[in-house]
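# Architecture and fold: a report
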Amino acid sequence: MKGIVHSAHEAPRFSQDITLIDMALPPAVFLTLIVILYCLQKFYLRTSRQLRFLDLEAKSPLYTHFLETLNGLTTIRAFGWVSTFEESNIALLAESQRPYYLLYCIQRWLNLVLDIFVGALAVLLLTFAVTLSDITSPGALGVAMINLLNFNQDLASLIDSWTRMETSLGAISRLRDLENNTPQPIHNKHSNQWSFQRSLDFKQVSASYG
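Computed from a predicted model, the values in this text were never measured in an experiment. (Residues numbered from 1 in each chain as written. Predicted model: local features only at pLDDT ≥ 70, side-chain atom pairs only at ≥ 80, totals over all residues. Heavy atoms only, no water.)

Scanning the protein from N- to C-terminus turns up 4 helices and 0 strands. Each helix and strand of the protein, ordered N terminal to C terminal, gives the series α-α-α-α. Across the 210 residues of the protein, 17% fall into the buried class. When the accessible surface of the protein is summed, it comes to about 17,200 Å², and 64% of that surface belongs to carbon and sulfur atoms. (Helix = DSSP H or I, 4+ residues; strand = E, 2+ residues; numbered from the N terminus. Buried < 20%, exposed > 50% of the residue type's maximum accessible area, 1.4 Å probe, protein only. Areas by Shrake-Rupley, 256 points an atom, 1.4 Å probe, with all protein chains shown as cover.)

Now the structure itself:
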């Protein structure tokens, strides 16, 4: 009799626990993951965007020096300034690589953080699988682990593609500002039209040869 009463009390409690696990826990975990990923991408996108802008700015003096060297190559060789321009080129090249190196470092940091994030998800998944072993199967657990490993690569590619898109949009904005702020030459609508009323008169002209 006691066993029947005990089972009668445990059955509703077990049903409520399963309901809480199925209905309340997944949205809470999903919301937590969204908040973590939002903070991560906000920090990474802001830093990566600024580093890409610095990379473009740092390469501008190098390109200018390269074009000036090509245009004045004859003069540089004539005055013996080859070694001076080589040293200047190497210095500008080293300076232009600093933002790129920092950008590479922050990309490695992003991969590390995503690996830790996915590792935490894997530990959480295995914990649920061990705790709820009665309602999980080895096949479903294997599929979940494979999808979790692919999720890391897809997430890193998504964040990197989003950063590149924002950088490209920034380049378009700068080109638009350059076009709007650059004064345009005024063209006369009659400048390209030939006037047949003009004439050339020679008066009191003498010419000789030899």
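Counted according to the given criterion, the structure contains 2 salt bridges. Measuring nitrogen to oxygen at the nearest pair gives 3.6 Å for the salt bridge that ties D55 to K59. Placement of the pair is D55 and K59 together in helix α1 (residues 2–71), with a separation of 4 residues, close to one helical turn. Close ionic contact of R98 with E95 constitutes a salt bridge, the shortest N to O distance being 3.8 Å. Of this pair, R98 and E95 both sit in helix α3 (residues 82–131), 3 residues apart, roughly one helical turn. On the accessibility criterion, E95 (42% relative accessible area) is partly exposed. (Salt bridge = Lys/Arg side-chain N within 4 Å of Asp/Glu carboxyl O.)

This part is about the environment of R174. Of note, R174 is situated in helix α4 (residues 138–181). On the accessibility criterion, R174 (36% relative accessible area) is partly exposed. In this structure, R174 is in contact with F53 and L56, ignoring residues within four places of it in sequence. (Contact = heavy atoms within 4.5 Å.)

Attention now moves to the packing of aromatic side chains. By the definition in use, this model includes 2 aromatic pairs. Judged by centre distance (5.0 Å) and plane angle (20°), the rings of F79 and W81 are stacked. Relative accessible area serves as the criterion here: at 40%, W81 is assigned to the partly exposed category. (Phe/Tyr/Trp six-rings, centres within 6.5 Å; stacked < 30°, edge-to-face > 60°.)

Considering the arrangement of structural elements, one finds S96 in helix α3. Among the polar contacts made by the side chain of S96, one reaches the main-chain carbonyl oxygen of L93 at a distance of 2.7 Å. Apart from the residues lying within four places of it in its own chain, the contact partners of S96 are D55, A58, K59 and L62. (Polar contact = N/O pair within 3.5 Å; in protein donor to acceptor, adjacent residues only side chain to side chain.)

What follows concerns the UniProt feature "transmembrane region" (unreviewed entry) in the protein. Taken from the UniProt record, the annotation "transmembrane region" (unreviewed entry) applies to residues 20–40 and 109–130. In residues 109–130, helix accounts for 100% and strand for 0%; the two terminal C-alpha atoms are 32 Å from one another. (UniProt positions renumbered as here; feature names shortened; annotations may be inferred.)

What follows covers the confidence of the model for the protein. For the protein, per-residue confidence averages 76 on the pLDDT scale, and 77% of positions sit at 70 or higher. Here α1 stands out as the least confident element of the protein, with mean pLDDT 71; helix α2 (residues 73–79) is the most confident, with 89. Low pLDDT (under 50) marks residues 1–8, which in the prediction has 0 contacts with non-local residues, meaning those over four places away or in another chain. (pLDDT = per-residue confidence, 0-100.)

The terminal C-alpha atoms of α3, which comprises 50 residues, lie 73 Å apart, in line with the 74 Å expected from a rise of 1.5 Å per residue. Approximately 30° is the largest bend angle found in α3, and it occurs at R98, with the proline P99 only one to four residues beyond. Residues of α3 that are buried include every one of S96, P99, L103, I106, Q107, L110, L114, F117, V118, L121, A122 and A129, and no others. (Expected span 1.5 Å × (residues − 1). Bend = angle between axes of the 7 residues up to and from the residue.)

Turning our eyes to something else, we now look at the nonpolar core. Ranked by internal contacts, the top residues of the largest apolar core, which has 17 residues, are Y44, L110 and L114. Of all the secondary-structure elements, those providing two or more residues to this core are α1, α3 and α4. The element contributing the most residues to this core is α3, with 8 residues. If near-sequence neighbours (up to four positions away) are discounted, L114 is found in contact with L40, N152, L155 and A156. (Core = buried A, V, L, I, M, F, W, Y, C linked by side-chain atoms within 4.5 Å.)

Positive phi, normally seen in glycine, also occurs at Q204, with a value near 55°. Mapped onto the secondary structure, Q204 falls in the segment after α4.

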